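# A look at the structure
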Amino acid sequence: MPAVAPRSGEAIFASAEHVNAELFTLTYGAIVRQLLTDLEEVDEVNKQLDQMGYNIGVRLIDEFLAKSNVSRCVDFKETAEVIAKVGFKMFLGVTATVTNWDAEGTTCSLVLEDNPLVDFVELPDMCQGLHYCSILSGVIKGALEMVSMKTEITWIRDMLLGDDAYELQVKLLKQVPEEYPYKDDE
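Now for a description of the structure that goes with this document. From a predicted model like this one, the values you see are computed outputs, not experimental measurements. (Residues numbered from 1 in each chain as written. Predicted model: local features only at pLDDT ≥ 70, side-chain atom pairs only at ≥ 80, totals over all residues. Heavy atoms only, no water.)

Below, the discussion takes up the overall build of the chain. Along the chain, the regular secondary structure elements total five helices and four strands. Shown N-terminal to C-terminal, the secondary structure of the chain runs as helices and strands in the order α-α-α-α-β-β-α-β-β. Sequence separation of 24 or more characterises 60% of the internal contacts of the chain that already satisfy a separation of 6 or more. Accessible surface for the chain amounts to roughly 11300 Å². Of this, 53% is attributable to carbon and sulfur atoms. (Helix = DSSP H or I, 4+ residues; strand = E, 2+ residues; numbered from the N terminus. Contact = heavy atoms within 4.5 Å. Areas by Shrake-Rupley, 256 points an atom, 1.4 Å probe, with all protein chains shown as cover.)

So, on to a negative patch on the surface. Negative charge collects at one region of the surface, where E22, E113, D114 and D119 lie side by side. Within the secondary structure layout, E22 lies in helix α2 (residues 21-39). Residue E22 is classed as partly exposed on the basis of its relative accessible area of 49%. (Patch = residues over 30% accessible without salt bridge, like charges linked within 9 Å, V, L, I, M, F, W, Y side chains within 5 Å. Salt bridge = Lys/Arg side-chain N within 4 Å of Asp/Glu carboxyl O. Lys, Arg positive; Asp, Glu negative; His and termini not counted. Charge placed at Lys NZ, Arg CZ, Asp CG, Glu CD. Buried < 20%, exposed > 50% of the residue type's maximum accessible area, 1.4 Å probe, protein only.)

Its 13 residues place the ends of helix α5 (residues 134-146) 19 Å apart at the C-alpha level, agreeing with the 18 Å of an ideal helix rising 1.5 Å per residue. Of all 13 residues in α5, ten are buried, a share of seventy percent or more. Just beyond α5, the residue with positive phi is S148, at close to 70 degrees. (Expected span 1.5 Å × (residues − 1).)

Moving on, we get to the pattern of salt bridges. Counted under the stated rule, the structure contains five salt bridges. Here E44 makes a salt bridge to K47, at a shortest N to O gap of 3.6 Å. One end of the pair is E44 and the other is K47, both in helix α3 (residues 42-68) and three residues apart, which spans about a single turn. Residue classification places E44 among the partly exposed residues on the basis of a relative accessible area of 37%. A relative accessible area of 53% means that K47 is categorised as exposed. E63 is the partner of K67 in a salt bridge, and the nearest nitrogen-oxygen pair spans 2.9 Å.

By themselves, these figures tell us nothing about what the structure is for.
See below:
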């Protein structure tokens, strides 16, 4: 049987069932607003959004691998490109640019010029430390952990805080060796 070619993020996005973008954006905004009301501390809201994203990423990676036909990435650089070009396009309808690689090839930035999560959003002064899209960093971290990559994700730039783009720094902490739950009988 011939190998199935990987699908582009554009092709997957075009063929997938879509939720109304405005409904998605407004629902996410309502979640953030409720967290701000319940937790009151902006840092706690950032942590909660990151944890929610992590839980989503842990599950979303299965759908990504099943629908994209992406094979195992050779290295972290290829992984970052797949996230930026296929993952973001597949789930958000946008692509990111991968920049700012360090010499070791273990740290890079994902830059989003467009972010559908922030349509209709203006942060009040009381929310100046809020990383409104912290859920994205959690999704990336959770998904990468499921493919044996322990990472640290940091927000570098945020348009809601006055920057010119959204930038996430992704740092590979370690490549975790795969463990199989059962030993083969010999």
